[in-house]
Amino acid sequence: MELVDVSEALRRTEFRVFAGRIEGGGVVKGLNAGQRDLPRSALDGLISRAQDLGAKGLVWAFREGEGWRSPTAKFLSAEELRAVNETLGAEEGDLLLLVADDAAVANAVLGQMRLDLGERFDLMHGERFVWIVDWPMFEWSDEDSRWDPLHHPFTAPDGEFDPERPGEARAKAYDIVWNGQEMGGGSVRISDPAVQEQVFDVIGIGEQEARERFGFLLDALRYGAPPHGGIAYGLDRIVQRLIHSDNIRDVIAFPKTASGADPLTGAPAAVDEAQLRELGLALRGRPQSAR
């Protein structure tokens, strides 16, 4: 169930749901779920699931001949239907799911729905591992009108780094995924002070601010920090997979309540004046001995 960008097949469509998203810089992505027998109630449930995951909606369709059996079919031309079928490798009776949104939203929604379908139709057998590599270094924030580091600002670029084209940069970052769930991740760190300063500049941290906030790091890099990296594994996630649980709370050693309290230790506990003085803290608007 590969996620496939079908925007090009719909580039000239008059269907505003697709056209508006493509013109606005978004995408139309789809997946071919294969030959599935689902009643209308289940298909409506897929739409609700997509909306719960953050999509504006979901288009479902079954390939019939060169066209579709779908409420959306009447809004698309025969040429567009054939092009989408071809792009998704659809055969007779295949269920197609499409999301029109920003690329990140479409990927996240269809990615989770792929896992849902895998469980619904018992498609996941055995234990499958995959390394996720070639991560982008940055993502553009429309809200803040700037580039943000996708991992953190100390991740090394993979190959030559061009600060004038940050959207094309790839990071030396990696995740390990077990049957669709992230088990661990890490990266190689920047060891060149010039590259570190360029990365700070890309994300809007100027020379003076970089010196004030990270001067210790830049000095250390100039003295010669060796290239280094690592990876952190989630022990609780590994145990969750081993016992075939769907909820990580089943294996967390010290789970917290919704308010952040720890039922085992009773934390957070009250603090007294002596503890506050020792830490140089003062509480305003509350009793001196408070949580």
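Heads up: the structure comes first, above all this text.
Keep in mind the model is a prediction, meaning the values are calculated, not measured.

A.B. asks: Is there a simple way to think about the nonpolar core in this case?
C.D. replies: As a rule of thumb, soluble globular proteins bury nonpolar side chains together. Membership of the largest hydrophobic core comes to 21 residues, with the highest contact counts inside it found for Leu-31, Leu-43, Leu-46, Leu-58, Leu-95, Leu-97 and Val-99. Contributions of two or more residues to this core are made by strand S2 (27–35), helix H2 (40–52), strand S3 (59–64), strand S5 (94–101) and helix H4 (103–120). When near neighbours in sequence (up to four residues on either side) are disregarded, Leu-58 contacts Leu-46, Ile-47, Ala-50, Leu-97, Leu-98, Val-99 and Met-113. Counting residues in hydrophobic clusters, the runner-up holds 19 residues, among them Val-6, Ala-61, Val-84 and Leu-88.

A.B. asks: Help me understand the sheet that holds S2, please; the structure alone is not making it clear to me.
C.D. replies: The pairing of strands in a sheet comes from backbone hydrogen bonds and takes either a parallel or an antiparallel form. Overall, antiparallel pairing links the 5 strands, which are arranged S1-S2-S5-S3-S4 in an open sheet. Strand pairing shows two members of the sheet lacking a second neighbour, strand S1 (4–5) and strand S4 (67–69), which therefore form its edges. Note that S1 and S2 share 2 bridges and pair antiparallel. From the neighbouring strand, Asp-5 faces S2, where its bridge partner is Lys-29.

A.B. asks: In this structure, what is going on with H4? I would like to understand it.
C.D. replies: An α-helical turn contains 3.6 residues, so a residue and the one three or four places further along point in the same direction. With 18 residues, H4 extends 25 Å between its outermost C-alpha atoms, agreeing within 8% with the 26 Å of an ideal straight helix rising 1.5 Å per residue. For H4, every residue scored as buried is listed here: Ala-106, Val-109, Leu-110, Gly-111, Met-113, Leu-117 and Gly-118. On its buried side, H4 packs onto S2, H2 and S5. Asp-122 sits one or two positions beyond H4 and adopts a positive phi of about 50 degrees.

A.B. asks: Looking at this structure, how should I read the sheet that holds strand S13 (residues 229–233)?
C.D. replies: With antiparallel pairing, 4 strands are arranged side by side in an open sheet as S6-S11-S12-S13. Sheet topology places strand S6 (129–132) and S13 at the edges, where each strand pairs with a single neighbour. Taken over all neighbouring pairs, the strand axes of this sheet differ in orientation by 15 degrees on average, direction set aside. As paired elements, strand S12 (residues 181–188) and S13 share 5 bridges and run antiparallel to each other. From the neighbouring strand, Ser-187 faces S13, where its bridge partner is Gly-230. The strands touched by helix H7 (residues 235–242) are strand S11 (173–178), S12 and S13; relative to S12, the strand with the most contacts, the crossing angle is about 150 degrees.

Conventions we followed
- Per-chain numbering applies: the sequence of each chain, read as written, is numbered from 1 onward.
- Reporting of local features is limited, given that this is a predicted model, to residues whose pLDDT is at least 70; pairs of side-chain atoms are given and counted only at 80 or more, and all residues count toward the totals for whole chains, interfaces and linings.
- Based on all heavy atoms of the structure, the side-chain values leave hydrogens and waters out of the count.
- Here, nonpolar core means buried Ala, Val, Leu, Ile, Met, Phe, Trp, Tyr and Cys residues that are tied together by side-chain atoms lying within 4.5 Å of each other.
- Burial classification: accessible surface area is computed with a 1.4 Å probe over protein chains only, and a residue below 20% of its type maximum counts as buried, one above 50% as exposed, and the rest as partly exposed.
- Every helix listed is a DSSP run of H or I at least four residues long, and every strand listed is a run of E at least two residues long, numbered separately from the N terminus.
- Residues are treated as being in contact if the distance between any of their heavy atoms lies within 4.5 Å.
- Two strands are said to pair when DSSP picks up at least two bridges between them.
- Every helix has an expected span of 1.5 Å times one less than the residues it contains.
- As a rule, the C-alpha atoms of each element are fitted with a line to give its axis, helices using only the stretch in contact, and angles between N-to-C directions run from 0 to 180 degrees.

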